Amino acid sequence: MSEVVTGDAVVVEVRVAQPPIRAVALAIDMIVQIVLLVGAVTLVFSASVVSDPALAAAVSILISVLVMVGYPVVFETATRGRSLGKLALGLRVVSDDGGPERFRQALFRGLAGVLEFWTFFGAPALIASLVSQRGKRLGDAFAGTIVISERGPSGTSQPVLMPPELREWAQTLELSQLPDEVAGAARQYLSRWHDLSPAVQHEMGVRIATQVAAYVTPPPPPGVPPHAYLSAVLAERRRRDHARLGYPQGAPHAAGRPQAAPRPPSMPYGGPYAAPHATAAPSPPSQPWSAPGSAQPAPGRSGPTGAPPSGPAPDTTTPPGPTPGGFAPPQ
């Protein structure tokens with residue numbers, strides 16, 4: 001994995017294509033180019049009997065340059081960083097800032113490819129990719145590009161889900177100032193959310209959500225639990241990162257992660273990950289935003305001895321104090 005910094009100062013993790021995969025993609029492209037070259041040159045020289053031999057040679061040189069340079073430039077510009085070989089192996093050329101490859105960058109890569117692959121048989125590209133931490137060849141270094149793999153390995157981790165109630169609010173967020181370290185802490189908290197007790201869920205959630213809220217605007221709506229706020233921020237951040245990298249909307253496997261299962265009906269406002277094994281009780285209708293897993297009084301029991309109440313029990317509970325950041329306290 002490697003990191004790219006987008007134009008909005010957001011750090012995005014990308015999977016850099018490894019040299020063996022790039023070599024196979026290059027072999028596919030070169031086979032296609034050789035076939036085109038042989039076919040075009042054969043047609044030109046077959047007509048040289050009735051034409052000027054010098055003109056036929058000039059046309060052959062022109063066709064060679066067009067195939068060697070024009071093939072990668074045209075394909076990568078038209079397909080936003082893909083040639084036939086890269087398309088077959090799930091590779092894509094992107095800018096160093098994570099944006100799509102532009103024509104100028106494709107032209108630099110194509111011109112450098114003539115020197116790297118056709119003149120020196122790939123030796124400069126191999127040496128440069130082994131020296132570079134991001135596997136860049138000379139053409140990538142000149143053009144300011146990087147080759148990434150869009151087919152990540154399968155795993156069991158699930159993406160953060162967007163709470164439907166916060167979707168419209170999350171689309172207005174300003175996320176450019178959110179540090180990657182703070183976002184990583186929030187992601188780690190959400191991944192362990194179901195393993196924590198209700199008190200620890202809220203205490204740790206408020207602390208991390210307060211840190212995130214210091215870099216993200218506008219503030220969350222009143223009464224939003226910390227885990228829901230963090231889920232909305234990270235889900236929106238991930239959606240924007242995928243949009244910058246050109247992933248299609250609604251593609252859950254864009255980053256190599258499986259699609260999370262829908263949350264069960266008993267947890268309408270549960271944590272960010274679908275957890276079929278969770279046994280938390282649903283929140284009361286009067287308080288839709290509440291952290292699941294909170295303690296609920298057992299029905300028919302009013303005290304430690306379990307004796308039925310003889311009358312309305314007095315309310316001896318103390319209302320929770322104010323929560324920093326306006327997040328909802330645990331119920």
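Residue numbers here run from 1 along each chain, matching the order of that chain's written sequence. Side-chain atom pairs in this predicted model are given and counted only at pLDDT of 80 or more, local residue features only at pLDDT of at least 70, and totals for whole chains, interfaces and linings cover all residues. Based on all heavy atoms of the structure, the side-chain values leave hydrogens and waters out of the count.

(A) Region of the structure containing the pattern of salt bridges. We define a salt bridge as a side-chain nitrogen of Lys or Arg found within 4 Å of a carboxyl oxygen belonging to Asp or Glu. Applying the stated rule across the entire model yields 13 salt bridges. K86 is the salt-bridge partner of E76, the closest N and O atoms lying 3.5 Å from each other. Linking E76 in helix α2 (residues 53–78) with K86 in helix α3 (residues 84–89), this pair joins segments that are 10 residues apart in sequence. Side by side, E76 and K86 carry an identical accessibility label, which is buried. Of the charged contacts in the structure, one is a salt bridge between D140 and R109, with a shortest N-O distance of 2.2 Å. With D140 in helix α6 (residues 138–143) and R109 in helix α4 (residues 103–119), this residue pair connects regions lying 31 residues apart in the sequence. Any residue under 20% of the maximum accessible area for its type is buried, any over 50% is exposed, and the rest in between are partly exposed; the area is computed with a 1.4 Å probe on protein chains only. Judged by its relative accessible area of 0%, D140 is buried. A residue is classified by how much of its surface remains accessible, and R109, at 3% relative accessible area, is buried. Each member of the salt-bridge network shares a partner with another, and the members are R22, E76, K86, E101, R109 and D140. The way it works is that DSSP assigns letters per residue, a run of H or I at least four long becomes a helix, a run of E at least two long becomes a strand, and they are numbered from the N terminus.

(B) Here's a closer look at the pairing of strand β4 (residues 145–149). For β4, the tally of buried residues reaches 5 of 5 residues, placing the bulk of the element in the interior. Here β4 shows two buried faces, one formed by T145, V147 and S149 and the other by I146 and I148. Should DSSP find at least two bridges between two strands, the strands are taken to pair. As paired strands, strand β3 (residues 91–95) and β4 are joined by 5 bridges and run antiparallel to one another. Across the sheet, R92 pairs through a bridge with I148, a residue of β4.

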